Amino acid sequence: MTVRAETTAVVEPTLAELLPLSDSGDWHRAACRGDPHHEAWFPYPSQDFDYARGVCGDCPIRAACGEFAARTGQSGVWGGHEFDRGRLIRP
Ligand code: SF4
């Protein structure tokens, strides 16, 4: 007899899987794609994030990106806002 275990785990999509679903464009159009300033996307509390916010300002998938960050508990700058484990800390 074979017993098959059922799994009930909820698997959240990755950013790459989610962003193609955006109605504002596909993830390949993400303005930050290939950005060399990695540290700018994870600012210290005392540090501004004007650079990242500026890049996001021109991004066609900005809304979907911020929603993704909030829903999946991301930290750093997403959609032009700073999040800490999915909580908006600096709009
Ligand atoms: S909104 Fe900002 S963080 Fe999100 S994909 Fe666009 S440029 Fe990147």
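The protein chain is annotated in an unreviewed UniProt entry as WhiB family redox-sensing transcriptional regulator of Nocardia tenerifensis. Listed under Subcellular location (unreviewed entry) in UniProt, the entry text for the protein chain is "Cytoplasm". Annotation of the protein chain in UniProt includes, under Cofactor (unreviewed entry), the sentence "[4Fe-4S] cluster".

Peer 1: How should I be thinking about the site of the ligand in this particular structure?
Peer 2: The ligand sits among 13 residues. The nearest are Ala30, Cys32, Cys56, Cys59 and Cys65. Within the residue set of the shell around the ligand, elements represented by two or more residues are α2 (50–57), α3 (62–72) and β1 (76–78). Within the shell around the ligand, the residues separate by chemical class into 10 nonpolar, 2 polar and 1 charged.

Definitions and limits used
- Residues numbered from 1 in each chain as written.
- Predicted model: local features only at pLDDT ≥ 70, side-chain atom pairs only at ≥ 80, totals over all residues.
- UniProt positions renumbered as here; feature names shortened; annotations may be inferred.
- Near = placed C-beta within 6 Å.
- Helix = DSSP H or I, 4+ residues; strand = E, 2+ residues; numbered from the N terminus.
- Nonpolar A, V, L, I, M, F, W, Y, C, P; charged D, E, K, R; others polar.

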